[in-house]
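Residues per chain, in single letters:
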Amino acid sequence: MSVATLDRDRLTARASGPLAGVIDIPGDKSMSHRALILGGLAKGKTRISGLLEGDDVLRTAAAVAALGAEVERTGDGEWSVVGAEWRSPAGPIDCGNSGTGARLLMGAVAGLPIEVTFTGDESLSRRPMGRVLDPLRTMGARVVAAEGGRMPVTISGGALGGIRFVNEMASAQVKSAILLAGLRADGAVEVIEPIATRDHSENMLRAFGCDVERDGELIRLGERRALTAIDVVIPADPSSAAFPLVAALICSGSYVTARGVMLNPLRTGLLTTLAEMGAEIELTNRRSVGGEEVADIVARASPLHGVEVPASRSASMIDEYPILAVAAAFAHGRSIMHGLAELRVKESDRLAAIIAGLTACGVEAREKGDGLIVEGTGRPPRGGATINANHDHRIAMSFLVLGLASTQPVGVTGAETIATSFPGFTELMSSLGARIA
Ligand code: S3P
């Protein structure tokens, strides 16, 4: 089920002239996982267009098929899923690099009377699963995990009760796992969110016919929890668009338009922050696609200045800190980003990876508590380093973007990980004039 891409193990980015052009970014990763899982649980045939065909999502497609749904690729980004009563798969479900796929699927199977073992790659095997396994246990699932709540994880589901859970970590994956488990639970299923996280699960569950209420910080599954197939259109992923847009801001003379990018307000923290840094970013052609507001985003090369990002914004840009840190390296003055504890448990320890990578490229960067400080000089950083992506696609893309405007080239090893979320990244950047090879 894998789709070929040209993203290679070792890539080097070199100083590039103005980047220019109009681009289409692949579909949103969060929505893609959810569309496949909900389609697999729903009655009838769900048609999905704009699906992200990156390795993370293809793993979820394979998982949903192994669990009993009929999953078919019918064209570029076009998929159909015929839902079924899920069964215990013949072997373990390998979620590859994907925390979202793993955690959402764990929730979905916990509600059903089946037994499923989940595995993942080296990066995913290091990541904590206890954050979803604990609430699933509270609901009544039987769970066996490796030491420290890590993978491999085996879940024997079914006969769940309700839960009232406070989402202290501000994790959309944890919230989603609970809601998915709750589809077949007996009793009230409530998640309280002191800080709102991306609401794609709630929106999509409603579109599939399930009652989900929101009352301030409280999210509650209603009485109607059955899912009926729908057509899902997935807009472009703002977390992927971030890379060419920041590249345009830092490469002088650039003018880049990313078409149809999703603007869910719980995902737009980076745009707010870049605007505060003085970035010339314009949103045009605002419209609605697949129940989400989208716009064409135009970015022009801009002089940037340092910024202080409050912790309260972190959930709305949690995946964007590596590329924001790159923008901050080109800015004039100090940038301070607060509330980044969660970055330590992403595909890699991103706080450490950002600091090590920036330091290697001649940029002063350091931790402060759970925050990050980047000292921008207003001049292009030196670059001239090779960064190991360490199974982290966003670290790989961020440092390649840095290399497009640094004095010396920047190499990235382990760059094949880019295909987990952004297949065709290198070709798309090259089409704008970026020198990445
Ligand atoms: C995601 C939630 C976030 C984000 C991830 C996708 C989702 O993770 O980092 O890339 O689709 O729900 P957390 O829930 O761990 O914050």
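Residues numbered from 1 in each chain as written. Predicted model: local features only at pLDDT ≥ 70, side-chain atom pairs only at ≥ 80, totals over all residues. Heavy atoms only, no water.

Enquirer: Go over the pattern of salt bridges with me, naming the residues and quoting the values.
Expert: Oppositely charged side chains are able to pair whenever their charged atoms sit close together. If you walk through the whole model with that rule in mind, you get 32 salt bridges. Between Glu193 and Arg214 there is a salt bridge, and its shortest N-O distance comes to 3.4 Å. With Glu193 in the loop between β11 (186-192) and α7 (200-207) and Arg214 in strand β12 (residues 212-215), this residue pair connects regions lying 21 residues apart in the sequence. Between Glu367 and Arg344 there is a salt bridge, with its nearest N and O atoms 2.9 Å apart. With Glu367 in strand β20 (residues 364-368) and Arg344 in the loop between β19 (332-337) and α11 (350-360), the pair connects residues that are 23 residues apart, well separated along the chain. By relative accessible area, which is 30% here, Arg344 ends up partly exposed. Overlapping salt bridges, with partners in common, bring together Arg127, Arg198, Asp319, Glu347, Arg350, Asp392 and Arg394 in one network. (Salt bridge = Lys/Arg side-chain N within 4 Å of Asp/Glu carboxyl O. Helix = DSSP H or I, 4+ residues; strand = E, 2+ residues; numbered from the N terminus. Buried < 20%, exposed > 50% of the residue type's maximum accessible area, 1.4 Å probe, protein only.)

Enquirer: So what about the site of the ligand? Which residues, and what values?
Expert: All residues in the neighbourhood of the ligand are listed as Lys29, Ser30, Arg34, Thr100, Arg131, Ser171, Ala172, Gln173, Arg198, Ile318, Asp319 and Lys346. Between the ligand and the protein, one listed contact pairs an oxygen atom with a side-chain N or O atom of Arg34 at 2.7 Å. Burial of the ligand by the protein chains amounts to 96% of its free accessible area of 380 Å². Among the elements that line the shell around the ligand, the one with the most residues is helix α1 (residues 29-41), at three residues. Split by residue class, the shell around the ligand holds two nonpolar, four polar and six charged. (Near = heavy atom within 4 Å. Polar contact = N/O pair within 3.5 Å; in protein donor to acceptor, adjacent residues only side chain to side chain. Areas by Shrake-Rupley, 256 points an atom, 1.4 Å probe, with all protein chains shown as cover. Nonpolar A, V, L, I, M, F, W, Y, C, P; charged D, E, K, R; others polar.)

Enquirer: Now, about the environment of Arg47: what can you tell me, with residues and values included?
Expert: Inspection of the secondary structure puts Arg47 in strand β3 (residues 45-49). The partly exposed category is assigned to Arg47, whose relative accessible area is 46%. Sequence-wise, Arg47 and Val212 are 165 residues apart; in three dimensions their C-alpha atoms are separated by 22 Å. Ignoring anything within four residues of it in the chain, the contact list for Arg47 reads Trp79, Ser80, Ile230, Asp231 and Val232. (Contact = heavy atoms within 4.5 Å.)

Enquirer: Pulling in residues and values, what's your account of α11?
Expert: Taken together, the buried positions of α11 are Arg350, Leu351, Ile354, Ile355, Gly357 and Leu358. Check the buried side of α11 and you find it contacts α10 (321-330), β20, β21 (371-377), β22 (386-388) and α12 (393-403). Sitting at the amino-terminal end of α11 is Asp349, which places a side-chain oxygen 3.2 Å from the backbone nitrogen of Leu351. Downstream of α11 by one or two residues, Gly362 has phi in the positive range, about 85°.

Enquirer: How would you explain the layout of surface pockets if you had to name every residue and give the values?
Expert: Looking at the largest pocket, its volume works out to about 500 Å³. Along the walls of the largest pocket sit 32 residues, with Ala170, Ser171, Ile318, Glu342 and Lys346 positioned nearest its centre. Every element with two or more residues in the lining of the largest pocket is listed here: α1, α3 (99-110) and α6 (172-182). Looking at which domains feed residues into the lining of the largest pocket, each of domain 1 (10-27 + 235-436) and domain 2 (29-233) supplies at least three. (1 Å grid on protein atoms, 1.4 Å probe; cavity = no way out; pocket = protein on both sides within 12 Å on 5 of 7 lines; lining within 4 Å. Points joined across faces, edges and corners; volume = space filled by probe spheres on them. Domains from an automatic or database assignment.)

Enquirer: Explain the packing of α11 against α12 residue by residue, including any values.
Expert: Two elements in contact, α11 and α12, have axes separated by 11 Å at closest approach and are oriented at 25°. Here α12 runs roughly parallel to α11, going by the angle between their axes. Both α11 and α12 take part in a crossing whose hand is right-handed. On α12, the residues touching Arg350, Ala353, Ile354, Gly357 and Leu358 of α11 are His393, Arg394, Ile395, Phe399 and Leu402. Looking at the contact of α11 with α12 residue by residue, the class counts come to six nonpolar, two polar and two charged. (Axes fitted to C-alpha atoms, helices over the stretch in contact; angles between N-to-C directions. Parallel < 35°, antiparallel > 145°, perpendicular 65-115°, else oblique. Left-handed = near helix turned anticlockwise from the far one by under 90°.)

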